[in-house]
Amino acid sequence: MKTSADCGPLLDVGAERARTPGSQAAHHFNAAGSALPTTRVVDSVVEHLLLEQTHGGYEAAAMVIDDLEAVYSSAARLVGATPAEIALFDSATTGLRAVVDALRLSRADRLLMSRSTYVSHALHLASLARERRVELLVVRNGPDGGIDLGHLDDLLASGRAGTRTVVCLAHIPTSSGLVEPVAAVGELAARHGATYVLDATQSVGHLRVDVATLQCDALVTTGRKFLRAPRGTGFAYVSAALTAELAPAAPDVRGAHWTGDLDWELSPTARRFESWEASIAGRLGLGAALAESLERGVDRSEEHLVAMAESLRHDLDALPRVQVQDPPAARSGIVTFTVEGTPARQVVTELAAHRVRTVSVPATHAQWDLGHRGLDAVVRASLHVYNDAADQHALLEAVAALPAVEPAA
Ligand SMILES: Cc1ncc(COP(=O)(O)O)c(C=O)c1O
């Protein structure tokens, strides 16, 4: 059993709040949308914009070349990869698109997807199924609400030789606090020779993520959520073996060297998937956020988020009309609930009047999960290291103060 001694002193929430000005302004429960950044992250962005103002964008970028390289090494350290296996993107969706399009899936291939799949990934992959006749199967869920490993194993075993099977799932979905059994999925994918693409958008910076343990071939994540980086940032891990196998569907001057009329050479690293143009200020902000995440220690963040979310679920459950909607396998800092008689969007508006920031996640963002469970929307409260007991108290008070529902005539 892990003790607090294993991950050093417990998280210092007061210090986290002190370096997060936004934590004083409201009770921010939207890390899963976009978390509050620290002063250091914002300063690094602003400083670079000022450098661009004085020197010009290309010249300013040349002045911070070492800091930009450090973004790759920090991202690699955080997920247990090498810097050559990291590619920077403006979002998780762009990263996933670059990797999946490079797979050039065709009629013979199969996509095995979890119910936890994010809307934009589901629609991208469903359009591959529709247009290229790739077979797409949504794997059943087990009784704990996570992917049914037995069903996945059966589907993987039924693959035809010589075809590619891609397993794609979200570590934590947008629509609940579920944590998928991602290491067990990796074991199955490796055993059956499938390509494993993990959407770790809601988990990097939140839970321990190690690509070797998870045995994933590619992983995508975003900056603005649990990493607390600026918007418009993200990165992907693509294993050295998969990188060597794949050419980007649209080679870009960033990752390709145009050597002759119709000849080009690809970067040997995952940067072959990148695009030239990017916000350098945003990337430096991502670098600062990655450094802070490493300094803080992901185990320490995970411990705080999981424990606080568990206590929030417990306390919400005790309130009249409130139903916690997380499945039994929820073990993350995301909590979802509904309030009988009050639509999720209205709950969010009412809570905002108490300076409590939550969001409503509609079924149109998670058809394979919320739609399948017959929920048209849930309220999502997502925590981070700057959330304290006073925030939790404010959220519970605001939910308890929701106007009563008039009984039907
Ligand atoms: C599980 C999950 N995957 C992917 C994404 C998309 O991330 P991005 O907007 O950076 O592409 C989200 C965004 O909410 C998400 O919740």
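Residues numbered from 1 in each chain as written. Predicted model: local features only at pLDDT ≥ 70, side-chain atom pairs only at ≥ 80, totals over all residues. Heavy atoms only, no water.

**Focus on the sheet that holds strand 6 (residues 195-199)**
Line of reasoning, step 1. Taken in spatial order, the seven strands make up an open sheet running 2-8-7-6-5-3-4, and their pairing is mixed. This sheet does not close on itself; its edge strands, each paired only once, are strand 2 (86-89) and strand 4 (135-138). When the angles between neighbouring strand axes are averaged without regard to direction, this sheet yields 15°.
Line of reasoning, step 2. Of the strand pairs in this sheet, strand 7 (residues 218-222) and strand 8 (residues 234-238) are connected by five bridges, and their pairing is antiparallel. Paired with Ala 218 across the strands is Val 238, a residue of strand 8.
Line of reasoning, step 3. Packing against the sheet, helix 6 (residues 65-79) makes contact with strand 2 and strand 8, and its axis sits at approximately 115° to strand 2. (Pairing = 2+ DSSP bridges. Helix = DSSP H or I, 4+ residues; strand = E, 2+ residues; numbered from the N terminus. Axes fitted to C-alpha atoms, helices over the stretch in contact; angles between N-to-C directions. Contact = heavy atoms within 4.5 Å.)

**Examining the environment of Val 71**
Line of reasoning, step 1. Along the chain, Val 71 turns up in helix 6.
Line of reasoning, step 2. Linking Val 71 and Leu 396, residues 325 residues apart in sequence, is a C-alpha distance of 38 Å.
Line of reasoning, step 3. In this view, Val 71 contacts Leu 88, Arg 283, Leu 286, Gly 287 and Leu 290; residues no more than four positions away in its chain are not counted.

**Observations concerning the environment of Leu 319**
Line of reasoning, step 1. Along the chain, Leu 319 falls in the loop between helix 14 (298-317) and strand 11 (322-324).
Line of reasoning, step 2. Exposure remark for Leu 319: the relative accessible area of 19% places this residue in the buried category.
Line of reasoning, step 3. Between the C-alpha atoms of Leu 319 and His 257, which are 62 residues apart in sequence, the distance is 61 Å.
Line of reasoning, step 4. Among all residues touching Leu 319, those that are not within four sequence positions of it are Leu 396, Val 399 and Ala 400. (Buried < 20%, exposed > 50% of the residue type's maximum accessible area, 1.4 Å probe, protein only.)

**Digging into the site of the ligand**
Line of reasoning, step 1. Taken together, the neighbourhood of the ligand is formed by 14 residues, with Thr 93, Asp 199, Thr 222, Arg 224 and Lys 225 sitting nearest.
Line of reasoning, step 2. Between Thr 93 and the ligand, the recorded distance is 2.5 Å, taken from a side-chain N or O atom to an oxygen atom.
Line of reasoning, step 3. The protein chains hide 93% of the 390 Å² of surface that the ligand would expose on its own.
Line of reasoning, step 4. Across the shell around the ligand, the residue classes break down as four nonpolar, seven polar and three charged. (Near = heavy atom within 4 Å. Polar contact = N/O pair within 3.5 Å; in protein donor to acceptor, adjacent residues only side chain to side chain. Areas by Shrake-Rupley, 256 points an atom, 1.4 Å probe, with all protein chains shown as cover. Nonpolar A, V, L, I, M, F, W, Y, C, P; charged D, E, K, R; others polar.)

**Looking at the domain arrangement of the chain**
Line of reasoning, step 1. For the chain, the domain assignment lists domain 1 (4-36 + 298-400) and domain 2 (41-295).
Line of reasoning, step 2. Inter-centroid distance (C-alpha atoms) of domain 1 to domain 2 is 26 Å.
Line of reasoning, step 3. Domain 1 puts 42 residues into the contact, and the matching count from domain 2 is 32 residues.
Line of reasoning, step 4. Across the interface of domain 1 and domain 2, roughly 2,800 Å² is buried in total on both sides, 54% from carbon and sulfur atoms.
Line of reasoning, step 5. Viewed at the interface, domain 2 and domain 1 are joined by two salt bridges.
Line of reasoning, step 6. Here Arg 228 and Glu 16 are joined by a salt bridge, their closest N and O atoms 3.6 Å apart.
Line of reasoning, step 7. On inspection of domain 1 and its partner domain 2, the count reaches 20 residue pairs in polar contact (both at pLDDT 80 or more).
Line of reasoning, step 8. Looking at side-chain class alone, the side of domain 1 that touches domain 2 contains 20 nonpolar, twelve polar and ten charged residues. (Domains from an automatic or database assignment. Buried area = accessible area lost by both parts, 1.4 Å probe. Salt bridge = Lys/Arg side-chain N within 4 Å of Asp/Glu carboxyl O.)

**Focus: the side chain of Thr 336**
Line of reasoning, step 1. Looking at where Thr 336 falls in the secondary structure, it is placed in strand 12 (residues 334-339).
Line of reasoning, step 2. Looking at Thr 336, the relative accessible area reads 0%, which means it is buried.
Line of reasoning, step 3. A distance of 2.6 Å separates a polar atom in the side chain of Thr 336 from a polar atom in the side chain of Asp 326.

**Brief notes about a nonpolar patch on the surface**
Line of reasoning, step 1. On the surface, Val 42, Val 46 and Leu 50 cluster together into a nonpolar patch covering about 230 Å² of accessible area.
Line of reasoning, step 2. Take Val 42: it is sitting in helix 4 (residues 39-55).
Line of reasoning, step 3. Judged by relative accessible area, which is 38%, Val 42 ranks as partly exposed. (Patch = residues over 30% accessible without salt bridge, like charges linked within 9 Å, V, L, I, M, F, W, Y side chains within 5 Å.)

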